[in-house]
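Here is what each chain is made of, one letter per residue.
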Amino acid sequence: MNSAEQASHAEHVSDEVVVELEGCTTEDAQAVFSALRTSYPCDRAADDVPAEMPGPGTTVWTSTFDVTKRRAEAGPRRLKGPVVVSLQGGYWAVDQLCNALRTAFTVSVVGTAAGDQEKEVELRLETLPQTVGRGAR
């Protein structure tokens, strides 16, 4: 890898976060991705909504978000139950996405794994207390 490729790779790693959801309803997956799309551009089209895949096994939904510039703050979203989400990317980028999730959900850190240039964070998302019993999106 030459220096230009290394610089490009470093920018890519630091600005993008891979988000993975597993074991939740399609509605909850849509709530999480919708909140994140409000804040940051995504690698998927706006009309590309989570759908359950037929067959055995667990459905895993994955999207990549570019956190270079925050567009807006997402409002509270309602979840049917707790959702575990995995974020993987550069330290700064993962922190930015965690902060964006905090405007829409109650966020608890379940676990972390740190590398040289990237980290992975597993979060538990729940409906914000003030949203319970109200008509959130």
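Reading the values: rules and limits
Residues numbered from 1 in each chain as written. Predicted model: local features only at pLDDT ≥ 70, side-chain atom pairs only at ≥ 80, totals over all residues. Heavy atoms only, no water. Helix = DSSP H or I, 4+ residues; strand = E, 2+ residues; numbered from the N terminus. Buried < 20%, exposed > 50% of the residue type's maximum accessible area, 1.4 Å probe, protein only. Contact = heavy atoms within 4.5 Å. Salt bridge = Lys/Arg side-chain N within 4 Å of Asp/Glu carboxyl O. Polar contact = N/O pair within 3.5 Å; in protein donor to acceptor, adjacent residues only side chain to side chain. Patch = residues over 30% accessible without salt bridge, like charges linked within 9 Å, V, L, I, M, F, W, Y side chains within 5 Å. Areas by Shrake-Rupley, 256 points an atom, 1.4 Å probe, with all protein chains shown as cover. Lys, Arg positive; Asp, Glu negative; His and termini not counted. Charge placed at Lys NZ, Arg CZ, Asp CG, Glu CD. Phe/Tyr/Trp six-rings, centres within 6.5 Å; stacked < 30°, edge-to-face > 60°. Pairing = 2+ DSSP bridges. Axes fitted to C-alpha atoms, helices over the stretch in contact; angles between N-to-C directions.

K.L.:
How should I be thinking about the overall build of the protein chain in this particular structure?
P.N.:
Regarding its fold elements, the protein chain presents three helices and five strands. From first element to last, N terminus to C terminus, the protein chain shows the α and β order α-β-α-β-β-α-β-β. Burial statistics for the protein chain: of 137 residues in total, 36% are counted as buried. Once local pairs closer than 6 in sequence are excluded, the contacts in the protein chain between residues at least 24 apart make up 76%.

K.L.:
Would you mind going over the pattern of salt bridges with me for this structure?
P.N.:
For the structure shown, the criterion picks out three salt bridges. Its salt-bridge partner being K80, residue E27 comes within 3.9 Å of it at the nearest N-O pair. A residue pair is termed long-range when its members are at least 10 positions apart, and E27 in helix α2 (residues 26-39) and K80 in the loop between β2 (60-66) and β3 (83-90) qualify at 53 residues. Residue K80 is classed as exposed on the basis of its relative accessible area, which comes to 61%. Two residues, E126 and R124, come together in a salt bridge whose shortest N-O distance is 3.5 Å. With a relative accessible area of 29%, E126 lands in the partly exposed category. Residue R124 is classed as partly exposed on the basis of its relative accessible area of 34%.

K.L.:
Quick question: what am I supposed to make of the side chain of T103 here?
P.N.:
As for its placement among the helices and strands, T103 is situated in the loop between α3 (91-102) and β4 (105-114). For T103, a relative accessible area of 19% corresponds to the buried category. At a separation of 2.8 Å, a polar atom in the side chain of T103 contacts the main-chain carbonyl oxygen of A74. A polar side-chain atom of T103 sits 2.8 Å from the main-chain carbonyl oxygen of A100. The contacts of T103, once residues within four sequence positions are left out, are R70, E73, A74, G75, P76 and L128.

K.L.:
Would you mind going over the side chain of S86 with me for this structure?
P.N.:
Mapped onto the elements of the fold, S86 is located in strand β3. A distance of 2.8 Å separates a polar atom in the side chain of S86 from a polar atom in the side chain of E120.

K.L.:
Whenever I open this one, a negative patch on the surface confuses me. Can you help?
P.N.:
A surface patch of like charges, here negative, comprises E20, E22, E120 and E122. One can find E120 in strand β5 (residues 118-127).

K.L.:
Would you mind showing me how to read the packing of aromatic side chains here?
P.N.:
Any aromatic ring pair is given by two values, namely how distant the centres are and how the planes are angled relative to each other. If you walk through the whole model with that rule in mind, you get one aromatic pair. Ring geometry for F33 versus F65: centroids 6.3 Å apart, planes at 20 degrees, classification stacked. With a gap of 32 residues between them, F33 in helix α2 and F65 in strand β2 connect regions that are remote in the sequence. A relative accessible area of 3% places F33 in the buried class. For F65, a relative accessible area of 0% corresponds to the buried category.

K.L.:
For this particular structure, what's the right way to read the sheet that holds β5?
P.N.:
Remark on secondary structure: sheet strands pair via backbone hydrogen bonds, oriented parallel or antiparallel. Strand order in the open sheet formed by five strands is β2-β1-β3-β5-β4, with antiparallel pairing between adjacent strands. Of all the strands in the sheet, the pair left with one neighbour each is β2 and β4. Going across the sheet, the axis of each strand differs from the next one's by a mean of 25 degrees, ignoring polarity. One ladder, built from eight bridges, connects β3 with β5; its direction is antiparallel. Across the sheet, residue S86 finds its bridge partner in β5, namely E122. Of the strands in this sheet, β1 (16-22), β2, β3, β4 and β5 are in contact with α2, which crosses β2 at around 5 degrees.

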